Amino acid sequence: MSAANRWPAEGSRQAGLLARLDLRRPEDLIVHLPLRYEDETRLTPIAQTQPGETAQIEAVLLSCETARPRQQLLARLRDDAGGEIVARWINFYPSLQKQLTPGRRFRLFGEVRSGFFGIEMVHPRLRPATEGEPLPQALTPVYPATAGLSQTALRGLVDFALQNTPLDDLLPAELFHRLDLPGFAEAILNLHRPPPEADARALETRTHPAWRRIKFEELLVQQLSLRRAYNARRAHEAISLPPRRTLTAALCEHLPFPLTAAQCRAVAEIAADLASPHPMQRLLQGDVGSGKTLVAVCAMLQAAENGWQAVLMAPTEILAEQHYRKLAAWLAPLGRDVAWISGGRKKREREAGLARLRSGECLLAVGTHALIENPVDLPRLALAVIDEQHRFGVRQRLTLRDKGASGARPHMLMMSATPIPRTLAMTHYADLDVTVLDELPPGRTPVATRLVCATRREEIAARLKTACLDGQQAYWVCPLIEESEALQLKTALETWETLKAALPELRIGLIHGRLKSEEKAAAMAAFSAGDLHVLVATTVIEVGVDVPRASLMVIEHAERFGLAQLHQLRGRVGRGSARSTCVLMYERPLSETARARLKAIYEQSDGFAIAREDLRIRGPGEFIGARQSGLPLLRYADLETDGDMTDMARDVAEELLATAPEAVDKLLARWLGGREALLRA
Ligand code: ADP
Ligand code: MG
């Protein structure tokens, strides 16, 4: 193999191409591992090839011609055993045609098919060969590449990197003995340059011990970087807010219900965090309807009873308003008021709220992202709660963090109803402490889920009518149209019109994202008050909306929604004591994924089980995509198959951080280079 004897100069074309793959140093290429391998160590006689199989053959060119209709290039070749094959190119460069002179010997690599011209290879890889030329001794690695950067060039650069980078083990050898895994150098060489006797199948499926070794190190590095980021943030100062129980106890006295055991546990964990002089960074996870808002309010009151400010930020205006109303009602008996800050509020009201926050007269605020925009001035901010945190980007979270009073960082409580499966939480949220609300308030009746083909739309409408005339309330969720907001709006209006025409006896309202804030608020209020039977809605109601009397939900084109979204939507009903139903209307044909999603939502009601399914269907990259946090996603380890190593990785990470900080530095440098800075956020 031809080793490049230099590293591309900074600013060169090749350096630019490498940067596209995030490869900036020879070290980066060491851990840029093959996607797969090609076996060029053997030649297969043409007569022995099987259709569908990938093979390498060596043959002499008989003839070459271009053929219509689609200007194809056809080359006929014969091997030494007399077998014949046709190589076919649909697109080709003149240089290829020039190479193809009769009598010349070639090696062809590709998938064998039985085609119109007999045995053929379409777009094989082809290179001239001399008779008796030795075969490569190792499987040929195929690397993740980018247009303009050939495999040959990448292989050369990897060779350069392998020759010029120390491959010493940064982990205690004893550890890998214990895990029965090879050392770093051995694993890396095995993966980049597998020896001829390597178990090709184990390399392909990434179950080979060399792969396990690298995956473990990757998981470990992820743990290390997340824990370091956590520790770094933890080292900052925050306002200590010991539980004084003046306001929190008063709240509990006035509530019409007791906290659930899970809520009590969560409140206690958070209370202890808030008392510390370092910023809390906690994720509160709880299924839809588990009562996260109340836990947040207890935390906010703990700040207030110490004389400090707390804010609750929600992703939509509807949700912010709903939180505001709930908090205002809960806090009125305590003589506490809450400022409500959102972009859609009247200027005068907003200004008044801002002034009370600025003066420190008001300690509690609820709002949308308007809360983090200027000129919101929170001189005594000590706690920020972010509801439905996956709806916010890192930037917004950081802005809120920097609003902390007098140089201290605010305590942060993130809330999410998208439960994160354990392996994922451990690998991607290891920079947060996690509290789980694993219990719903009593008295909920499970939601019955029905899957109904859209051809039965009229039947559904008729049932809806009966139910509503019988005193129930319903949501009718319009199809999601991801490609076009305008189209989504149009569909919502049409659905509303059609339903009104079909069900003149019912009072039907409409809510969607394009309505003015007051209009949205009015529609929600009318529905909450029971003045509307049906609320036709887009996904604006997906998060958090809480109208306990609504007991029926119809979702059109359910097959277009994601699993988490369906779970969220369904969670809007089943909040009161009435028996609730969720009708998922779908349109045929169903894709494989849509079928899997509908099956999962039909069979499961537990958010964690659904999240596990979702993770399985979508994979971790997309699952946590909304976090956009610059966190290193795993390149090699797969949580489905390598999840068994995460516990071990976490334990080893703790140990290394405590006992071998230099080894940690080196590991992070090897795997992340300069990118670790991103994690300090
Ligand atoms: P989520 O966790 O989805 O944000 P909410 O905080 O909106 O859930 O709570 C759902 C509903 O349950 C609300 O109407 C809330 O007032 C009610 N709730 C919260 N805690 C309790 C409790 N301990 N007992 C009874 N109802 C409760
Ligand atoms: Mg909520």
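No experiment lies behind these values; they were computed from the predicted model shown.

Calculation notes
Residues numbered from 1 in each chain as written. Chains lettered and ligands numbered in written order. Predicted model: local features only at pLDDT ≥ 70, side-chain atom pairs only at ≥ 80, totals over all residues. Heavy atoms only, no water. Near = heavy atom within 4 Å. Polar contact = N/O pair within 3.5 Å; in protein donor to acceptor, adjacent residues only side chain to side chain. Areas by Shrake-Rupley, 256 points an atom, 1.4 Å probe, with all protein chains shown as cover. Helix = DSSP H or I, 4+ residues; strand = E, 2+ residues; numbered from the N terminus. Buried < 20%, exposed > 50% of the residue type's maximum accessible area, 1.4 Å probe, protein only. Lys, Arg positive; Asp, Glu negative; His and termini not counted. Salt bridge = Lys/Arg side-chain N within 4 Å of Asp/Glu carboxyl O. Contact = heavy atoms within 4.5 Å. Axes fitted to C-alpha atoms, helices over the stretch in contact; angles between N-to-C directions. Parallel < 35°, antiparallel > 145°, perpendicular 65-115°, else oblique. Left-handed = near helix turned anticlockwise from the far one by under 90°. Nonpolar A, V, L, I, M, F, W, Y, C, P; charged D, E, K, R; others polar. Pairing = 2+ DSSP bridges. Core = buried A, V, L, I, M, F, W, Y, C linked by side-chain atoms within 4.5 Å. Domains from an automatic or database assignment. Disulfide = S-S within 2.5 Å. Expected span 1.5 Å × (residues − 1). Phe/Tyr/Trp six-rings, centres within 6.5 Å; stacked < 30°, edge-to-face > 60°. Lys NZ or Arg CZ within 6 Å of the ring centre and 35° of its normal.

What follows covers the site of ligand 1. Residues in close proximity to ligand 1 total 19 residues, the closest being Gly 289, Lys 292, Thr 293, Arg 444 and Asp 546. The separation between an oxygen atom of ligand 1 and a polar main-chain atom of Gly 291 is 3.1 Å. One nitrogen or oxygen atom from the side chain of Lys 292 is found 2.8 Å from an oxygen atom belonging to ligand 1. Protein contact buries 89% of the 560 Å² of open area that ligand 1 shows by itself. Secondary-structure elements contributing two or more residues to the shell around ligand 1 are α11 (292–304) and α12 (317–331).

Take the side chain of Asp 79 next. Assignment of secondary structure puts Asp 79 in the loop between β3 (72–78) and β4 (84–89). Summary of buried charges: Asp 79 has no salt-bridge partner, and the nearest side chain of opposite charge, Arg 78, is 7.3 Å away. Apart from the residues lying within four places of it in its own chain, the contact partners of Asp 79 are Pro 45, Ile 46, Glu 58 and Ala 59.

Right, let's talk about the packing of helix α10 (residues 261–275) against α11 for a bit. For the pair α10 and α11, interaxial distance at closest approach is 10 Å and the crossing angle is 30°. For the element pair α10 / α11, the angle class is roughly parallel. In the crossing of α10 with α11, the sense of the turn from one axis to the other is right-handed. On the side of α10, the interface is formed by Gln 263, Ala 266, Val 267, Ile 270, Ala 271, Leu 274 and Ala 275, while α11 contributes Leu 294, Val 295, Cys 298, Ala 299 and Gln 302. Looking at the contact of α10 with α11, its residues break down into ten nonpolar, two polar and no charged.

Let us look at the sheet that holds strand β13 (residues 381–386). Note: strands within a sheet are paired through backbone hydrogen bonds, in either parallel or antiparallel orientation. Strand order in the open sheet made by the seven strands is β11-β12-β10-β13-β14-β9-β15, with parallel pairing throughout. The open sheet terminates on both sides in strands that have one partner only, identified here as β11 (338–341) and β15 (433–437). For this sheet, the mean angle separating the axes of adjacent strands, direction not counted, is 20°. When β11 meets strand β12 (residues 364–367), the two strands line up parallel, connected through four bridges. Paired with Ala 339 across the bridge in β12 is Ala 365. Packed on one face of the sheet, α10 meets β9 (281–286), β13, β14 (411–416) and β15 and runs near 160° to β15.

The strand order across the open sheet formed by six strands is β16-β21-β20-β17-β19-β18, and the pairing between neighbours is parallel. Of all strands in the sheet, those bounded by a partner on one side alone are β16 (448–453) and β18 (508–511). Averaged over all pairs of adjacent strands, the angle between their axes in this sheet comes to 20°, without regard to strand direction. Inspection of the sheet shows strand β17 (residues 473–477) paired to strand β20 (residues 550–555) by five bridges, in the parallel sense. Counted as the bridge partner of Trp 476 is Val 554 from β20. This element, helix α16 (residues 457–469), spans β16, β17, β19 (534–537), β20 and β21 (581–586) of the sheet and lies at about 155° to β17. In this fold helix α19 (residues 563–570) packs onto β16, β17, β20 and β21, with an angle of close to 150° to the strand it touches most, β20.

Counting residues in each nonpolar core, the largest one holds 80 residues, and the members touching the most others are Ile 214, Leu 220, Leu 224 and Leu 656. Looking at this core element by element, the count peaks at eight residues for helix α8 (residues 209–234). Three or more residues apiece are contributed to this core by two domains, here domain 1 (3–37 + 142–205) and domain 3 (247–437). In contact with Leu 656, other than residues within four places in its own chain, are Leu 171, Leu 220, Leu 224, Pro 661, Val 664 and Leu 667.

Now for the domain arrangement of the protein chain. The domains assigned to the protein chain are domain 1 (3–37 + 142–205), domain 2 (42–135), domain 3 (247–437) and domain 4 (447–604). Once you take the C-alpha centre of each, domain 2 and domain 4 turn out to be 58 Å apart.

With that out of the way, let us pick up the state of the cysteines. Applying the stated criterion across every chain yields a total of zero disulfides. We note that Cys 264 lacks a disulfide partner, and the nearest cysteine sulfur, in Cys 252, lies 7.3 Å from it.

With that settled, consider helix α24 (residues 646–659). Since the α-helix turns once every 3.6 residues, residues separated by three or four places project in the same direction. Across its 14 residues, α24 extends 20 Å between first and last C-alpha, which sits within 8% of the 20 Å expected from 1.5 Å per residue. Lining the buried residues of α24 we find α5 (173–179), α8, α15 (422–428), α23 (639–642) and α25 (661–672).

Turning to the packing of α19 against helix α21 (residues 607–618), a few remarks are in order. Close contact between α19 and α21 brings their axes to 9 Å; oriented N to C, the two are set at 160°. Judged by the inter-axis angle, α19 sits roughly antiparallel to α21. Of the two elements, α19 crosses α21, and the hand of that crossing is right-handed. Contact with α19, carried on its side by Leu 563, Ala 564, His 567 and Arg 570, involves Gly 607, Ile 610, Glu 613, Asp 614 and Ile 617 of α21 and no other residues of that element.

Time to look at the pattern of salt bridges. By the definition in use, this model includes 40 salt bridges. A salt bridge links Arg 127 to Glu 133; its shortest N-O distance comes to 3.5 Å. Here Arg 193 ties to Asp 159 by a salt bridge, and the two come within 2.9 Å at their closest N and O atoms. Taken together, the positions of Arg 193 in the loop between α6 (184–192) and α7 (200–204) and Asp 159 in helix α4 (residues 151–164) put the pair 34 residues apart, joining distant regions of the chain. For Asp 159, a relative accessible area of 9% translates into the label buried. One network of salt bridges, with partners in common, ties together Glu 58, Asp 80, Arg 105, Arg 107 and Glu 131.

Under the criterion given, the structure shown has seven aromatic pairs. On the basis of an interplanar angle of 20° and a centroid distance of 4.9 Å, the ring pair of Tyr 324 and Trp 340 is categorised as stacked. Taken together, the residues span a long stretch of sequence, with Tyr 324 in helix α12 and Trp 340 in strand β11 at a distance of 16 residues. Among the residues examined, Tyr 324 registers a relative accessible area of 21% and is labelled partly exposed. Judged by relative accessible area, which is 13%, Trp 340 ranks as buried. Here Tyr 636 and Trp 671 contribute two aromatic rings whose centre-to-centre distance is 6.4 Å and whose plane-to-plane angle is 65°, an arrangement assigned as edge-to-face. Taken as a pair, Tyr 636 in the loop between α22 (620–623) and α23 and Trp 671 in helix α25 lie far apart in primary sequence, 35 residues in all. For Trp 671, a relative accessible area of 3% corresponds to the buried category. A network of ring pairs unites the aromatic residues Trp 211, Tyr 636 and Trp 671 as a single cluster. Against the face of Trp 308 rests Arg 380, its NZ or CZ located 3.9 Å from the ring centre. The ring of Phe 184 has Arg 670 lying over it, and the distance from NZ or CZ to the ring centre is 3.6 Å.

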